[in-house]
Amino acid sequence: MSQNIITEEKVFEEMKKAVAETLRVDEGRIKPETSLIKDLGAESLDFLDINYRLEQAFGIKMARHFVLEHIEEMFGEGTAIDENGQLTDKAIQLLKIRFGDSAPEMASGMDMDEVPTLVTAQSMVRGVMDILDSLPNKCPKCGNASWRADNGVRVTCSSCGEAAAFSNGDDLIKEWLKKVQSEKSLF
Ligand SMILES: [Zn+2]
């Protein structure tokens, strides 16, 4: 289900703000296809900072673990990354489904250390949208369907004032993996 209270444009706006403040770069440098690592020099600690800013802005919990870690947890050690630290063909297939087919480095033998370079502003926006889209139809406290977003980012119930609760990012990745697995039987 997808909510239509917070738009993708609004999420991208907040994403640019979070990235620009964390990395001290001009917002104008941040395009949807911008790789935070390759193009803006982000390091792993910066992602914690960016995620924290987004969590505060929207009242959500971002994923703590990357999709590869979830694959190994769900389907067993070695299913995503082989003994040489390279991605398995199945993991590559899965990343293509998730991130699209555009990155040329996404091919057999890709090193696991290269994977974070695939994270773009747009893929992070998608992650936030997935979380926001877990908003239930009705407020669990009062049962009314009257969500609204204060300042365009914080969803609350306009009937009873309850803050919206969303699924967390890691749970949504697991759900997505289960869905892909049931459709494609990759693992
Ligand atoms: Zn309510």
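We now turn to the structure provided with this report. What you see as residue numbers is a count from 1 along each chain, following the sequence as written. Confidence filtering applies because this is a predicted model: local features only for residues at pLDDT of at least 70, side-chain atom pairs given and counted only at 80 or more, and all residues used for totals across whole chains, interfaces and linings.

Details of the overall build of the protein chain
Stage number 1. Helical segments are the DSSP runs of H or I of at least four residues, strand segments are the runs of E of at least two, and each set is numbered from the N terminus. From N to C terminus, the protein chain includes six helices and two strands.
Stage number 2. At 18 Å, the protein chain has a C-alpha radius of gyration in line with the 16 Å of a compact globule built from 187 residues.
Stage number 3. By the burial criterion, 22% of the 187 residues in the protein chain qualify as buried.
Stage number 4. Here the contact rule is simple: place C-beta atoms from the backbone, and any two residues whose C-beta atoms are within 7 Å are in contact. The contacts of the protein chain with a sequence gap of at least 6 include a subset with a gap of at least 24, amounting to 58%. Our radius of gyration looks at C-alpha atoms and nothing else; its globule reference is 2.2 Å times the residue count to the power 0.38. Three exposure classes are used, based on other C-beta atoms lying within 10 Å of a residue's own C-beta, which is placed from the backbone: buried for 20 or more, exposed for 12 or fewer, and partly exposed in between.

Notes on the packing of helix 1 (residues 8–23) against helix 5 (residues 121–132)
Stage number 1. Only the stretch in contact is used when fitting a helix axis, every axis being a line fitted to C-alpha atoms; angles between N-to-C directions are given from 0 to 180 degrees. For the pair helix 1 and helix 5, the least separation of the axes is 9 Å and the interaxial angle reads 120°. Between helix 1 and helix 5, the angle falls in the class oblique. Viewed along their axes, helix 1 and helix 5 form a crossing whose handedness is right-handed. Contacts between helix 1 and helix 5 involve Glu8, Val11, Phe12, Met15 and Val19 from the first element and Ala121, Met124, Val125, Val128 and Met129 from the second.
Stage number 2. Grouping the amino acids of the contact of helix 1 with helix 5 by side-chain chemistry returns nine nonpolar, no polar and one charged. Oblique is the label for every angle not falling under 35 degrees (roughly parallel), over 145 degrees (roughly antiparallel), or within 65 to 115 degrees (roughly perpendicular). What makes a crossing left-handed is the near helix being turned counterclockwise from the far one by less than a right angle; a clockwise turn instead makes it right-handed. The residue classification treats Ala, Val, Leu, Ile, Met, Phe, Trp, Tyr, Cys and Pro as nonpolar and Asp, Glu, Lys and Arg as charged. All others, Gly included, are polar.

As for unusual backbone geometry
Stage number 1. Of note in this structure, Arg24 is not a glycine but carries a positive phi near 50°.
Stage number 2. You can see Arg24 is positioned in the loop between helix 1 and helix 2 (44–58).

Some thoughts on the packing of helix 1 against helix 2
Stage number 1. Across the interface, helix 1 lies against helix 2 with an axial gap of 9 Å and an inter-helix angle of 140°. Relative to helix 2, the element helix 1 lies oblique. Crossing of helix 1 over helix 2 shows right-handed handedness. Note on element contacts: helix 2 touches helix 1 through Asp46, Asp49, Ile50, Arg53, Leu54 and Ala57, opposite Glu14, Ala18, Val19, Glu21, Thr22 and Leu23.
Stage number 2. Tallied by class, the residues present in the contact of helix 1 with helix 2 amount to six nonpolar, one polar and five charged.

Remarks on the pairing of strand 1 (residues 147–150)
Stage number 1. In this structure, strand 1 lies alongside strand 2 (residues 154–157), joined through four bridges in antiparallel fashion. Note on strand 2: the bridge partner recorded for Arg148 is Thr156.
Stage number 2. A pair of strands is labelled paired if DSSP reports no fewer than 2 bridges between them. Joining the antiparallel neighbours strand 1 and strand 2 is a turn of three residues, in which Asn151 adopts a positive phi near 55°.

Quick look at the nonpolar core
Stage number 1. Only buried residues count toward a nonpolar core: Ala, Val, Leu, Ile, Met, Phe, Trp, Tyr and Cys, linked into one set through C-beta atoms within 7 Å. Judged by nonpolar contacts, the single largest core of 26 residues is most densely connected at Met15, Val19, Ile60, Ala121, Val128 and Leu132.
Stage number 2. Taken together, the elements giving at least two residues each to this core come down to helix 1, helix 2, helix 5 and strand 2.
Stage number 3. Per element, the largest residue contribution to this core is six residues, and it comes from helix 5.
Stage number 4. Residues contacting Leu132, with those up to four places away along its chain left out, are Gln3, Ile6, Phe58, Ile60 and Phe166.

Observations concerning the environment of Glu55
Stage number 1. By the element assignment, Glu55 lies in helix 2.
Stage number 2. Judged by local crowding, Glu55 falls into the partly exposed class, with 17 C-beta atoms found within 10 Å.
Stage number 3. On a C-alpha basis, the gap between Glu55 and Val128 in space is 9.1 Å, while along the polypeptide they are 73 residues apart.
Stage number 4. For Glu55, the contacting residues outside a window of four places in its chain are Ile60, Lys61 and Met62.

It is worth stressing that arrangement in space is one thing and function is another; only the former is reported here.
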